[in-house]
Amino acid sequence: MEEPGFCVWLVAAGDRKTDAVRAIRTVTGRSLFESKLLLDRAPAAVTEPVWLEAAQDAARVLESAGVHTAVVCDWCERTVNRGDGPLDPGPCAGPWWPAESCRASHPPAKDS
């Protein structure tokens, strides 16, 4: 069974625009010009669908530069909380994905 991907969305640029552009370049590999355009288009998807852990790592990089982000499931389009639980605890509406296995509903446990 194919797992859903998770996209990182740039919600707002924040106050540190130069740092934000550098962080976008780090995460995406885009040019300075393309990174600035992406920042100016917020809200916008920064990444294509990737594994949850990769999306969360990319979001951390962006947030450390002052960018406001969201990690969104590409199947059920719900925002995943990078904390202990989901922001939207409702059942997954994604195709072919059992609700009890949805990583947006049930993020993996953190390593202690």
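**Q** With reference to specific residues and values, describe helix H1 (residues 17-28).
**A** Along its 12 residues, H1 runs 16 Å from first to last C-alpha, staying within 8% of the 16 Å computed at 1.5 Å per residue. Looking at the buried positions of H1, the neighbouring elements they touch are strand E1 (6-12), helix H2 (32-40) and helix H3 (52-64). Of the residues flanking the end of H1, it is Gly29, one or two places downstream, whose phi is positive at about 80°.

**Q** I'd like a description of the sheet that holds strand E3 (residues 68-73), backed by residues and values.
**A** Spatially, 4 strands are ordered E2-E1-E3-E4 in an open sheet, and the strand pairing comes out antiparallel. Bordering the open sheet on either side are strand E2 (44-45) and strand E4 (79-80), each of which pairs with just one other strand. As paired strands, E3 and E4 are joined by 2 bridges and run antiparallel to one another. Pairing of Val71 across the sheet is with Val80, part of E4.

**Q** Give me the lowdown on the pairing of E3, citing residues and values where you can.
**A** By the criterion of burial, E3 is predominantly enclosed, with 5 of the 6 residues buried. Pairing of E1 with E3, which is carried by 6 bridges, proceeds in the antiparallel orientation. Bridging across to E3, Phe6 finds its partner in Cys73. Taken together, E3 and the strand that follows it, E4, pair antiparallel across an intervening segment of 5 residues, in which Glu77 is found at a positive phi of about 60°.

**Q** Any details on the pattern of salt bridges? Residues and values, ideally.
**A** Going through the model one piece at a time under the given rule, you end up with 4 salt bridges. For Arg16, the salt bridge identified is with Asp19, shortest N-O distance 3.0 Å. The exposure class assigned to Arg16 is partly exposed, which follows from its relative accessible area of 39%. Take Asp19: its relative accessible area is 30%, and that puts it in the partly exposed class. Across the pair Arg60 and Asp57 runs a salt bridge, and its minimum N-O distance is 2.7 Å. Residue Arg60 and its partner Asp57 are located together in helix H3, separated by 3 residues, close to a single helical turn. For Arg60, a relative accessible area of 46% translates into the label partly exposed. Judged by its relative accessible area of 45%, Asp57 is partly exposed.

Here is what the cut-offs are and how they apply
Residues numbered from 1 in each chain as written. Predicted model: local features only at pLDDT ≥ 70, side-chain atom pairs only at ≥ 80, totals over all residues. Heavy atoms only, no water. Helix = DSSP H or I, 4+ residues; strand = E, 2+ residues; numbered from the N terminus. Expected span 1.5 Å × (residues − 1). Contact = heavy atoms within 4.5 Å. Pairing = 2+ DSSP bridges. Buried < 20%, exposed > 50% of the residue type's maximum accessible area, 1.4 Å probe, protein only. Salt bridge = Lys/Arg side-chain N within 4 Å of Asp/Glu carboxyl O.

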